[in-house]
Amino acid sequence: MRFALRLLILLALVSAFPMENRAAEESLGDKIKKIFEPTPTPTPRKHRKKSTTTKKKEPSPSPSSAKKKKPSPTPTPEASPSATPIETPEPTASASPKKKKSSPTPTPERSTSPSAKKHRKVSPTPSATETETPTPSAPRPPSATATPSPSPEQTAPKKGAPVSISANEIADYQNYSSGVRKIVDLALELASRGLNYKYGSADPASGGMDCSGFVFYVLNQAGVSDVPRDSSQQYVWLRKAYKFQPVISRHDDSFELDALAPGDLLFWTGTYAIDRDPPITHAMIYLGREKSTGRRIMIGASDGRLYRGESRFGVSVFDFKVSPPAKTNDGKLTPTFVGYGHVPGLR
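Residue indices begin from 1 for each chain and proceed along its sequence in written order. In keeping with the model being predicted, local features are shown solely for residues with a pLDDT of at least 70 and side-chain atom pairs are shown and tallied solely at 80 or more, while totals for entire chains, interfaces and linings include all residues. Side-chain metrics in this entry use all non-hydrogen atoms of the structure; hydrogen atoms and water are not considered.

## Topic: the overall build of the protein chain
Starting at the N terminus, helices and strands are each numbered in turn, a helix being any DSSP run of H or I of at least four residues and a strand any DSSP run of E of at least two. Scanning the protein chain for helices and strands turns up 16 helices and eight strands. For the protein chain, the proportion of its 347 residues judged to be buried stands at 28%. Any two residues whose heavy atoms approach within 4.5 Å at even a single point are treated as in contact. Summarising the internal contacts of the protein chain: among those between residues at least 6 apart in sequence, 54% fall at separations of at least 24. For the protein chain, the exposed surface amounts to about 22,000 Å²; the carbon and sulfur share of it is 59%. Exposure categories follow from relative accessible area, calculated using a 1.4 Å probe and restricted to protein chains: below 20% of the type maximum is buried, above 50% is exposed, and the middle band is partly exposed. Areas reported as accessible are Shrake-Rupley estimates using a 1.4 Å probe. Residue values count occlusion only from the protein chains shown.

## Focus: the pattern of salt bridges
One side-chain nitrogen of Lys or Arg within 4 Å of one carboxyl oxygen of Asp or Glu is enough to make a salt bridge. In total, this model carries five salt bridges according to the counting rule given. The closest approach of N and O atoms between E290 and R295, which form a salt bridge, is 3.9 Å. Assessed through its relative accessible area of 1%, E290 is described here as buried. The class of R295 is partly exposed, set by a relative accessible area of 29%. The salt bridge involving R308 is made with E290; its shortest N-O contact spans 2.6 Å. Pair noted here: R308 is in the loop between β6 (296-307) and β7 (310-319) and E290 is in the loop between β5 (282-289) and β6, with a separation of 18 residues, a long-range link. A cluster of three or more residues bridged by salt bridges with shared partners is formed by E290, R295 and R308.

## Let's talk about the sheet that holds strand β8 (residues 336-341)
The pairing criterion for strands is at least two bridges between them, as found by DSSP. With antiparallel pairing, six strands are arranged side by side in an open sheet as β3-β8-β4-β5-β6-β7. Of all strands in the sheet, those bounded by a partner on one side alone are β3 (244-246) and β7. Averaged over all neighbouring strand pairs, the angle between strand axes comes to 45°, with direction disregarded. Taken together, the four bridges between strand β4 (residues 265-269) and β5 define a ladder with antiparallel strand orientation. To obtain each axis, a line is fitted to C-alpha atoms, and for helices this fit is confined to the stretch in contact; angles are then taken between N-to-C directions over 0 to 180 degrees.

## Some thoughts on the environment of H251
If you trace the backbone, H251 turns up in the loop between β3 and β4. With relative accessibility at 54%, the residue H251 sits in the exposed group. Between the C-alpha atom of H251 and that of S323, which follows or precedes it by 72 residues, the distance is 6.3 Å. Contact partners of H251, with chain neighbours within four places excluded, come to L257 and V322.

## Focus on the packing of aromatic side chains
Note on aromatic pairs: the rings of Phe, Tyr and Trp (six-membered ring only in Trp) are paired at centre separations within 6.5 Å, and the planes decide the class, stacked below 30 degrees, edge-to-face beyond 60, tilted for the rest. In total, this model carries nine aromatic pairs according to the counting rule given. An angle of 85° between the planes, with centres 4.8 Å apart, marks the rings of Y235 and F244 as edge-to-face. You'll find Y235 and F244 in the same group, each marked buried. Look at F320 and F337: their rings are 5.2 Å apart centre to centre, the planes differ by 70°, and that puts the pair in the edge-to-face class. In this pair, F320 is assigned in the loop between β7 and β8 and F337 in strand β8, connecting sequence segments 17 residues apart.

## Observations concerning the environment of G345
With respect to the helices and strands, G345 occurs in the segment after β8. Sequence separation between G345 and G179 is 166 residues; the distance between their C-alpha atoms is 9.7 Å.

And the structure:
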């Protein structure tokens with residue numbers, strides 16, 4: 001009915017227009033008919049209903065919206081895993097050690113490219129710490145063992161081991177009297193034992209001797225009687241026998257040393273602090289001149305005198321020099337040579 005009414009309206013309009021425009025109107029009418037011809041069919045009504053349904057369906061799936069949603073979730077998961085592996089390994093490494101203990105857990109995390117790289121960075125850190133832990137532990141035992149042991153051992157080599165020479169290394173030894181040769185031989189034999197300096201000892205069986213104990217032992221073994229035990233009394237013994245020659249000069253070529261002979265006793269003061277009268281603190285036996293160097297040498301027990309420029313400790317051969325007193329590193333004066341004397345009854 002609607003279409004019929006529309007046609008009547010159109011016919012009325014066409015009749016109202018002039019004849020000149022009818023051709024144009026007819027063409028318009030034909031066009032209008034063509035437009036409305038498909039509409040009366042029931043099909044367009046169904047298509048309209050479908051269109052409505054499709055319109056309702058379109059907003060629900062909305063491929064455009066789906067496409068927009070796909071890129072939107074993609075950044076969110078990327079941000080979420082990226083944040084999670086950074087935070088998770090740090091607390092898990094410190095707080096939750098159970099996950100690290102299970103071997104399968106780190107393996108799937110390493111399979112993913114972003115997480116694996118981050119976990120790899122975390123994994124070398126404990127391995128580095130493990131490698132560093134054994135390194136300090138290894139040097140500690142040797143250092144602890146080395147510190148106590150070398151401290152006493154290094155003191156002895158600094159002063160040097162005792163040294164002995166043969167009698168043939170002494171110039172003119174063959175011209176010495178039998179008594180002097182006996183004293184020299186006994187003294188060199190004691191030096192060859194490697195005895196230490198031991199204060200208060202006059203017995204080589206104890207492992208060491210002091211200076212006056214060495215003189216006392218050698219002279220007694222050589223058959224000299226009435227030898228005092230300490231150096232101060234040995235000095236007095238020579239002075240009473242008028243066998244002592246004082247030396248004031250501090251030069252090795254002084255005329256005061258012209259009477260010095262092998263087998264004589266040498267005396268010093270100031271080697272250590274002691275209340276003694278006279279204040280003689282050190283004694284040795286003069287050997288003569290060394291054949292190879294021409295220098296004066298002596299023998300006895302000392303705790304650091306020099307032989308060929310090196311300190312020696314114990315019963316040994318030493319260089320004999322007259323030198324002026326000087327201060328040591330701790331501010332003390334060095335020992336002072338006071339003179340020498342012939343052994344009574346030896347000549």
